[in-house]
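In case you want the letters, here they are:
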Amino acid sequence: MRILLTNDDGIHGPGLAVLQKIAAELSDDVWTVAPETDQSGLAHSLTLSEPLRLRQMGEKQFALRGTPTDCVIMAVREVLPEAPDLILSGINSGANMADDVTYSGTIAAAIEGTLQGVRSIALSQAGRYDNGRHFPWEVAEQYALPLIRKLLPLELPEGTFFNVNFPYCAPDAVEGVRVTAQGKLESGLSVEKRTDGRGLPYYWLTFRERLSAFAEDCDLNAVGENHVSVTPLKLDLTDHAVRDRIAAALA
């Protein structure tokens, strides 16, 4: 089995190192094509206005000056001798759940892999951000491998991939695995205005605490209760029920 690894935290991201250990237990044909720098929040974006620069970091390891989507396309079309059998994206520094999946470069790499016809899994580790950034990587390291092995043989409809989130807790505090739906949060982005040394304004987009009543079967609720969340996501964004209503109205 040929495995491609990528992420959005960059080639030096700590979660990528964890994922490389996990992938090595699955295959001896593991390739890494990851962004040269942090590409978090760039979603399913392409680099079209400047060239892609590829740099080899080691055997079967490459850094690309581009987005996670670029990385998957370059890997499948240019770098690997043949298309991979599996794409693992992550392990992201921070959860990717609910509405945040639309911003995530980690999810975007799995989307692109799915578009390329490759079984794809996005993996993220929940963390804490008070007094620094804290991620219990040992949770993902312990639970990802057996979970991936169970997911691999499952038949999926065309255009479907897995989004996996690991909870913030000690490994022995994990309550199990839940198959979940994508949750819904209130908007969490705010604009923070600051002033530079010359008195000119500049702005940071920041996340604030987001509270909501979570559905019992959603990813947010599962991870909040120390479960590993597995959410099947699909590429088809069509609202089929509304489509039928529109068709009836226009008939």
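Description of the structure in this document.

About the criteria used
- Residues numbered from 1 in each chain as written.
- Predicted model: local features only at pLDDT ≥ 70, side-chain atom pairs only at ≥ 80, totals over all residues.
- Heavy atoms only, no water.
- Salt bridge = Lys/Arg side-chain N within 4 Å of Asp/Glu carboxyl O.
- Helix = DSSP H or I, 4+ residues; strand = E, 2+ residues; numbered from the N terminus.
- Buried < 20%, exposed > 50% of the residue type's maximum accessible area, 1.4 Å probe, protein only.
- Axes fitted to C-alpha atoms, helices over the stretch in contact; angles between N-to-C directions.
- Parallel < 35°, antiparallel > 145°, perpendicular 65-115°, else oblique.
- Left-handed = near helix turned anticlockwise from the far one by under 90°.
- Contact = heavy atoms within 4.5 Å.
- Nonpolar A, V, L, I, M, F, W, Y, C, P; charged D, E, K, R; others polar.
- 1 Å grid on protein atoms, 1.4 Å probe; cavity = no way out; pocket = protein on both sides within 12 Å on 5 of 7 lines; lining within 4 Å.
- Points joined across faces, edges and corners; volume = space filled by probe spheres on them.
- Pairing = 2+ DSSP bridges.
- Right-handed = clockwise from strand over helix to strand, strands pointing away.
- Disulfide = S-S within 2.5 Å.

This brings us to the pattern of salt bridges. If you walk through the whole model with that rule in mind, you get 10 salt bridges. Across the pair D29 and R2 runs a salt bridge whose closest N-O atoms are separated by 3.1 Å. Placement of the pair is D29 in strand 2 (residues 29-35) and R2 in strand 1 (residues 2-6), with a sequence separation of 27 residues. D29 gets classed as buried once you look at its relative accessible area, which sits at 17%. On the basis of relative accessibility, which here comes to 15%, the residue R2 falls in the buried class. Between R2 and E82 there is a salt bridge; the shortest N-O distance is 3.8 Å. With R2 in strand 1 and E82 in the loop between helix 2 (68-79) and strand 5 (86-93), this pair connects stretches of sequence that are 80 residues apart. Where salt bridges share partners, they join R2, D29, K60 and E82 into one cluster.

Once that is clear, we can look at the packing of helix 2 against helix 3 (residues 105-115). Here helix 2 crosses helix 3 at 30°, and the two axes come no closer than 8 Å. With respect to helix 3, the element helix 2 is oriented roughly parallel. Crossing geometry of helix 2 relative to helix 3 is assigned as right-handed. For the pair helix 2 and helix 3, contact is made by P68, T69, V72 and I73 and by G105, A108, A109, E112 and G113, respectively. Split into classes, the residues belonging to the contact of helix 2 with helix 3 amount to 5 nonpolar, 3 polar and 1 charged.

A separate point is the layout of surface pockets. Considering only enclosed or pocket space, the second largest pocket measures out at about 360 Å³ in volume. Taken together, 15 residues form the lining of the second largest pocket, with V101, T102, I111, K234 and L237 sitting closest to its centre. Residue assignment for the lining of the second largest pocket shows that the elements contributing at least two residues are helix 3 and strand 11 (227-234). No other element matches helix 3, which puts 3 residues into the lining of the second largest pocket. Taken together, the residues of the lining of the second largest pocket break down into 9 nonpolar, 4 polar and 2 charged.

Moving on: unusual backbone geometry. Going from G90 to I91, the amide bond is cis rather than trans, its omega being -10°. Its place among the elements puts I91 in strand 5. Unusually for a residue other than glycine, A98 sits at a positive phi of about 50°. Assignment of secondary structure puts A98 in the loop between strand 5 and helix 3. Unlike most non-glycine residues, N226 shows phi in positive territory, near 65°. Under the relative-accessibility criterion, N226 is labelled partly exposed at 21%.

Another aspect to go through is the environment of I111. With respect to the helices, strands and loops of the structure, I111 is situated in helix 3. Considered as a pair, I111 and D172 are 61 residues apart in the sequence and their alpha carbons are 32 Å apart. With sequence-adjacent residues up to four places away left out, I111 is seen in contact with H44, F161 and L235.

Our focus in this paragraph is the pairing of strand 6 (residues 119-125). Along strand 6, 6 of the 7 residues are buried, which leaves the element largely enclosed by surrounding structure. In terms of strand pairing, strand 5 meets strand 6 through 6 bridges, oriented parallel. By the bridge assignment, L88 is partnered in strand 6 with I121. One crossover worth recording links strand 5 to the parallel strand 6 by way of helix 3, and it is right-handed.

Tallied over the full model, the rule gives 0 disulfides. The closest cysteine sulfur to the non-disulfide-bonded C169 is located on C218, 17 Å from its own sulfur. Judged by relative accessible area, which is 13%, C169 ranks as buried.

Our focus in this paragraph is the sheet that holds strand 11. Strands sit in the order 3-4-2-1-5-6-7-11-8 across an open sheet of 9 strands; the sheet is mixed. Of all strands in the sheet, those with a lone pairing partner are strand 3 (53-58) and strand 8 (176-179), marking the two edges. Here the average twist between neighbouring strands, direction ignored, is 20°. Strands in contact with helix 2 are strand 1, strand 2, strand 3, strand 4 (61-65) and strand 5; relative to strand 2, the strand with the most contacts, it is inclined by about 140°. Sheet contacts for helix 4 (residues 137-151): strand 5, strand 6, strand 7 (160-166), strand 8 and strand 11; angle to strand 6, the most-contacted strand, approximately 160°.

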